[in-house]
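Single-letter residue listing:
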Amino acid sequence: MKRILLAFLMAGLIVAFFGLPVNAGTDSSIVIGEDSGPITMDPAGSLADVNMSMMSNFFDGLLQRRADGKQYPALAERYEHPDLLSWKFYLRKGVKFHNGNPFTADDVKFTFERLKNPKCCSEFMDYGSQIASVNIIDDYTVVVKTVIPDPTFDQNLDILFMMDKESTESRDPGEVGLKPIGTGAYKMVEWIRGSHVKMVANENYWEGAPRIKNVTSMEVVESSTRFAALISGKVDVISGVPLESYDMLAKNSKIEILTCPGRRVMYLALGNKPGTPLADIRVRKAIYMAINEDEIIAKLMRGQAVPATQLAEPAMVGYNKNIKRLPYDPAQSKKLLKEAGYPDGFEITLAGPNDRYIQDEKICEAVTQYLTKIGIKCKLDVKPKAAFFPEVVEGKHNFYLLSWMSNPYDYRQDYSFALYTRGTEKGYGAWNGSGYSNPKLDALFDDTDKIVDKNKRRLALEDLNKKVMDQVGVIPLHIGVNTLAARKEAGIIIKPRPDAFVVFKEIFKK
Amino acid sequence: MVTYIIRRLLQGVAVLICVSFICFVMFRYSGDPMGALAGVYATAKDREQIRIAYGLDKPFYIQYVHFVARATRGDFGNSYVTRVPVLGLIVERIPASVELAVISAIIALSLGTGLGVLVSLKPRLAINRLIMAGSLAGISIPTFLMGILLVMFFAVYLGILPPFGRGETVKIGFWRTGLLTWSGISSLILPVVTLTVYQLAVLLRLTRAGMLEVLKEEYIKTAWSKGLSPRRVIFKHALKNVLIPVVTISGLMLGEILAFAVVTETIFQWPGMGNLLLKSIYESDQPVIVTYIILVSIIILSINILIDILYCFLNPRIRYG
């Protein structure tokens, strides 16, 4: 009897110790559970969305992008584009790095030139190699010249984060990747890799001190654990709401789900090598019209996506709202195949990743079945992204599932990477692994680079985009929706961003 | 004994060289590291430049020789993804994994053998049959299911234990421990249980089977008839002879859960080594994977040598010479 009493006592004690109400965030602090953690604290170390998202809290670019997708001044108060090659920046005065060093033109020059170094910044090489020179006019004026005319140079300036020359040079490169010293709204307190990042508000921030003072960003990769963390109140907000627990969260009255259309366009790339069936526009249309995108969205994406009409998304320069999807019409598809001389179909292999996009493998399977229905013998070749992406770059596949999200919000990047003919001296087409080639469209694209007037250039890109879709350059599928889920009682005002960044200075409490 | 240990160490070095070579070959040919190194927007020219900067343009055997030469000096190079020294990346994960693995191994070994002995003494007792049925469940429930169920019950439904992470940790020297705070200890409970159940069940069944066999032996009967106390008979005469396979298995399992508790660490977002390995495989971060496997080989080899030495104490008839 005594023993049983003792056991009860112990159990009570344990509950008393561990069962104390867990309050995730106090008044001016929040705890967020994110689906992936930062990779490095070197802002030029990784182009991964998750890393740039984190960096946007510790660092500033010359410009910044707000939740509306538009650019606003940041460390540059204003800038000019006097000729096709030059960009002149007037820097903000009185800005200090977290270590107290003032931000000046030297830091801009250092940051841009560092991007050329493959050892630290191999992922940013493309940005670095397009910069020809950086000239310091005075402490707060800089002129950057690009190698070739690049009308979208300024569009990347929100992710080229300014680093402190003195502390970056004097520290070991490994150390630079561990402790960020920027001008950003938050200073890092602690980073335990694979676990969490803690940060505090930068009270001297040039835009004014942020309202949330303490932020803890927990990395919770496994979706069911992220779900548990939110429900149990260990975190206030989670990013990347898993599709499988979406319904459960939506029904929970204590939880609020916030959504906004994302920017990543899922599409099927298809080559057009002469002599292959895919070179025939009728076959391309037949494949397009055989795919029941509404069904994919309803059944596989559980409604968390919108149909895509083109490779660009609506916020981008070059998005053409007049482009419509081809209707879902398998009977017409069969007819087109017959006209093209393939009444009994042909054999083709659809490749794709199985661990990169939401439902990627399932989407590939669905497409295979749609094509089988119109008589095309479609084989499936899905594999982990670590194996799949290099194969795309090598050009091993001519029909595959991929997605594109243009960082500069400009169709120029979509076209030059995913559609421009490979093997020209320009070196474009790095992600055009299907080998799509249309010299006429390429020539149109080259012409758009010579247009200085922003409006005329936009129209030219919209026109190019229309012509690409007339040729079925790609088969667009859908654009996913970005979701956040928050506990209502935490009283946090947070909006998901189209780029899925989590920028803590935009967040506040009721 | 000394010559034996030296011989084992030399064998270990040979094994390490083989392991490192196989790893190196496997990961060199299982995909181009440029996928991890060059970003999405790298042009063919950028790629070439990066390849040269990282020495990836040189023939394979030269790369391997360079790797080994640097590794013997303790320099395993930098991660392709995070750009920081690989060794540091792995070493900072060791405390989390060791605390999880060792605590779970201690519980599994003590409870497993304890219950195993208990069950073997009266195998037909209802409660003992229940324990055996439970152990069967422990072996057959997949770790991920176990973990998720525990999280859903204790963290979501009851809300008394944290669902993930290590809680508050304290840093003593380089060792970041979760054993000194309540939140650290409470965070340990669910992952430890998840990790322990399988091992506990295996050790329990192993001990029981061994005990049942040994208890029928002539010398045990002699011991009983000599009028020895049950404690001496069971623990000194019977259990000690059963322990050899038990210790072997628990040693092997310790190495495994130390290095490859991938599932448990993922479910609980435990910042340990298994979690790092999984992430590195996803990102095809070759230097981390190769170094990881080499370090793990060293750990497992050392554990095995220690166990061989332990045998001598368990059974003095075993002599190495």
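Residues numbered from 1 in each chain as written. Chains lettered and ligands numbered in written order. Predicted model: local features only at pLDDT ≥ 70, side-chain atom pairs only at ≥ 80, totals over all residues. Heavy atoms only, no water.

**Things to note about the overall build of chain B**
Phase 1 of the analysis: A tally of helices and strands in chain B yields 14 helices and 2 strands.
Phase 2 of the analysis: Here the C-alpha coordinates of chain B stretch approximately 85 × 60 × 35 Å along the principal axes.
Phase 3 of the analysis: Evaluated residue by residue, chain B yields a buried proportion of 48% over its 321 residues.
Phase 4 of the analysis: Entry remark: accessible area of chain B is about 15,700 Å², with carbon and sulfur atoms responsible for 71%. (Helix = DSSP H or I, 4+ residues; strand = E, 2+ residues; numbered from the N terminus. Buried < 20%, exposed > 50% of the residue type's maximum accessible area, 1.4 Å probe, protein only. Areas by Shrake-Rupley, 256 points an atom, 1.4 Å probe, with all protein chains shown as cover.)

**Looking at the interface of chain A and chain B**
Phase 1 of the analysis: Listed as interface residues are 55 residues of chain A and, on the opposing side, 46 residues of chain B.
Phase 2 of the analysis: Both faces combined, the contact of chain A with chain B buries some 4,300 Å², and carbon together with sulfur accounts for 62% of it.
Phase 3 of the analysis: Our count for the contact surface shared by chain A and chain B stands at 3 salt bridges.
Phase 4 of the analysis: At the junction of chain A and chain B, the tally comes to 11 residue pairs in polar contact (both at pLDDT 80 or more). (Contact = heavy atoms within 4.5 Å. Buried area = accessible area lost by both parts, 1.4 Å probe. Salt bridge = Lys/Arg side-chain N within 4 Å of Asp/Glu carboxyl O. Polar contact = N/O pair within 3.5 Å; in protein donor to acceptor, adjacent residues only side chain to side chain.)

**A word on the pairing of strand β4 (residues 76–80) of chain A**
All names here are of chain A.
Phase 1 of the analysis: Looking at chain direction, β4 and strand β5 (residues 86–91) are connected through 4 bridges and run antiparallel. In the sheet register, Glu80 faces β5, and the bridge partner there is Lys88.
Phase 2 of the analysis: Two successive antiparallel strands, β4 and β5, enclose a turn made up of 5 residues. (Pairing = 2+ DSSP bridges.)

**So, the domain arrangement of chain B**
Residue and element names in this part refer to chain B.
Phase 1 of the analysis: Looking at the assigned domains, one finds that chain B contains domain 1 (1–84 + 272–321) and domain 2 (94–268).
Phase 2 of the analysis: Taken residue by residue, the interface counts 20 residues in domain 1 and 19 residues in domain 2.
Phase 3 of the analysis: Summed over both partners, the interface of domain 1 with domain 2 buries about 1,600 Å², with 74% contributed by carbon and sulfur atoms.
Phase 4 of the analysis: Taken together, the links from domain 1 to domain 2 amount to 6 residue pairs in polar contact (both at pLDDT 80 or more).
Phase 5 of the analysis: Elements represented by at least two residues in the side of domain 1 that touches domain 2 include exactly α13 (273–282) and α14 (286–314).
Phase 6 of the analysis: If one sorts the elements of the side of domain 1 that touches domain 2 by residue count, α14 sits on top with 11 residues.
Phase 7 of the analysis: Tallied by class, residues from the side of domain 1 that touches domain 2 come to 14 nonpolar, 5 polar and 1 charged. (Domains from an automatic or database assignment. Nonpolar A, V, L, I, M, F, W, Y, C, P; charged D, E, K, R; others polar.)

**Here's the deal with the nonpolar core**
Phase 1 of the analysis: One finds A:Leu62, A:Phe112 and A:Ile287 to be the most contacted residues of the largest nonpolar core, which totals 103 residues.
Phase 2 of the analysis: Beyond its immediate stretch of four places on either side in the chain, A:Leu62 contacts A:Pro73, A:Ala74, A:Leu75, A:Ala76, A:Phe89, A:Leu91, A:Phe103, A:Val108, A:Phe112, A:Leu157, A:Leu160 and A:Met162.
Phase 3 of the analysis: Ranked by size, the runner-up nonpolar core spans 34 residues in total, among them B:Phe27, B:Tyr64, B:Ala71 and B:Met273. (Core = buried A, V, L, I, M, F, W, Y, C linked by side-chain atoms within 4.5 Å.)

**Quick word on the packing of aromatic side chains**
Phase 1 of the analysis: Counted by the stated rule, this structure contains 31 aromatic pairs over all chains.
Phase 2 of the analysis: For the ring pair A:Phe124 and A:Tyr127, a centre distance of 5.6 Å and an interplane angle of 40° mean the geometry is tilted.
Phase 3 of the analysis: Using a relative accessible area of 1% as the deciding quantity, one classes A:Phe124 as buried.
Phase 4 of the analysis: Taken together through their ring pairs, the aromatic side chains of B:Phe21, B:Phe24, B:Phe60, B:Tyr64, B:Phe67 and B:Phe76 make up a single cluster.
Phase 5 of the analysis: Directly above the ring of A:Tyr72 sits A:Arg66, whose terminal nitrogen or CZ lies 4.3 Å from the centroid.
Phase 6 of the analysis: Above the face of the A:Trp191 ring, A:Arg193 is positioned so that its terminal group lies 5.1 Å from the ring centre. (Phe/Tyr/Trp six-rings, centres within 6.5 Å; stacked < 30°, edge-to-face > 60°. Lys NZ or Arg CZ within 6 Å of the ring centre and 35° of its normal.)

**Focus on the state of the cysteines**
Put plainly, a disulfide is one covalent bond tying together the sulfur atoms of two cysteines.
Phase 1 of the analysis: Counted under the stated rule, the structure contains 1 disulfide over all chains.
Phase 2 of the analysis: Covalently, A:Cys120 is tied to A:Cys121 through a disulfide, its sulfur atoms 2.3 Å apart. An S-S torsion of about -80° defines the bridge between A:Cys120 and A:Cys121 as left-handed.
Phase 3 of the analysis: Owing to a relative accessible area of 0%, A:Cys121 belongs among the buried residues under this scheme.
Phase 4 of the analysis: Take B:Cys23: it sits in no disulfide, and the sulfur closest to it among the cysteines is that of B:Cys18, at 11 Å. (Disulfide = S-S within 2.5 Å.)

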